[in-house]
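Summary of structural features
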Amino acid sequence: MPEEPEIDWDALRAAATDAMRRSYSPYSNFPVGAAAIADDGRVVKGANIENASYGVTLCAECSLISDLIMSGGGRLVAFTCVDGDGGVLMPCGRCRQLLYEHSAAGMLLETVSGVKTIDEVLPDAFGPRQLEEYAGR
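Residues numbered from 1 in each chain as written. Predicted model: local features only at pLDDT ≥ 70, side-chain atom pairs only at ≥ 80, totals over all residues. Heavy atoms only, no water.

1. Things to note about the nonpolar core
One broad trend across soluble globular proteins is that nonpolar side chains are buried collectively. L64, L76, F79, L99, M107, L109 and I118 are the most contacted members of the largest nonpolar core, which has 21 residues in total. Going through the elements one at a time, β1 (33-38), α2 (60-70), β3 (76-82), α3 (93-101), β4 (103-111) and α4 (118-121) are the ones with two or more residues in this core. By residue number, the principal contributor to this core is α2, which donates four residues. Counting residues in each nonpolar core, the second largest holds eleven residues, with W9, L12, M20 and A78 among its members. (Core = buried A, V, L, I, M, F, W, Y, C linked by side-chain atoms within 4.5 Å. Buried < 20%, exposed > 50% of the residue type's maximum accessible area, 1.4 Å probe, protein only. Helix = DSSP H or I, 4+ residues; strand = E, 2+ residues; numbered from the N terminus.)

2. Overview of α3
When we look at burial in α3, the residues that qualify are C95, L99 and Y100. Viewed along the axis of α3, the buried residues span an arc of 145°, placing them on a single side of the element. (Arc of directions from axis to C-beta.)

3. With respect to the sheet that holds strand β5 (residues 114-117)
Picture the strands of a sheet paired through backbone hydrogen bonds; they go either parallel or antiparallel. The five strands are arranged β2-β1-β3-β4-β5 in an open sheet whose pairing can be described as mixed. The open sheet is flanked by β2 (43-47) and β5, the only strands paired with a single partner. Neighbour to neighbour, the strand axes of the sheet diverge by 20° on average, direction disregarded. Direction of pairing for β1 relative to β2: antiparallel, over a ladder of five bridges. Opposite A35, over in β2, you have K45 as the bridge partner. Of the strands in this sheet, β1, β2 and β3 are in contact with α2, which crosses β2 at around 145°. (Pairing = 2+ DSSP bridges. Axes fitted to C-alpha atoms, helices over the stretch in contact; angles between N-to-C directions. Contact = heavy atoms within 4.5 Å.)

4. Some points on the environment of G72
Of note, G72 is situated in the loop between α2 and β3. Distance from G72 to A38, taken between C-alpha atoms, is 9.7 Å for residues 34 residues apart in sequence.

5. Some thoughts on the pattern of salt bridges
By the definition in use, this model includes six salt bridges. A salt bridge links D10 to R13; the nearest nitrogen and oxygen atoms lie 3.1 Å apart. Of this pair, D10 and R13 both sit in helix α1 (residues 9-20), three residues apart, which is roughly one turn of the helix. For R22, the salt bridge identified is with D18, shortest N-O distance 3.4 Å. For R22, a relative accessible area of 58% gives the class exposed. Each of D10, R13 and E110 takes part in one network of salt bridges that share partners. (Salt bridge = Lys/Arg side-chain N within 4 Å of Asp/Glu carboxyl O.)

Here it is as C-alpha cells:
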C-alpha cells in the first residue's frame, strides 16, 4: 500500500474557512467552504454560491473544481470542507462523484469520522480511471 502523503489538515481547513467567508448564501444562511491540494501542491478553494432559483445554486465543491480547472487542472490529492463555524462537513453523494472525477487515486478526504480515501467514501465508483481501464481491454 502506498505511503500517505503528509497533509497539514489544519492549514487546509484554514484555507476552506477562508473560502467559506466568501460564500454567497443569503437563502440558506449556511455558508460552506472547501479547499483541496492538487497533485502539483497548489491549493484550490471554493464556496457555495446560492441563487434565488435554488436548483442552479453551486455547491462549494463545484466552485473548487472550477478553481482547479481554471488554475491549471491536475488531480486532487487531499480535500476538506467546512461549515460557517469551521466544522468539518462530509460532501454529499453528488459532490463525492464530482470529487472522484478529479481525484488522484487514493485521494484523502477529511470527514466527520476522520481521514478517509475517496474510495472509502464512494465505494465502487465509476469515473475516468474505470473508462481508461475499459479502453485498455
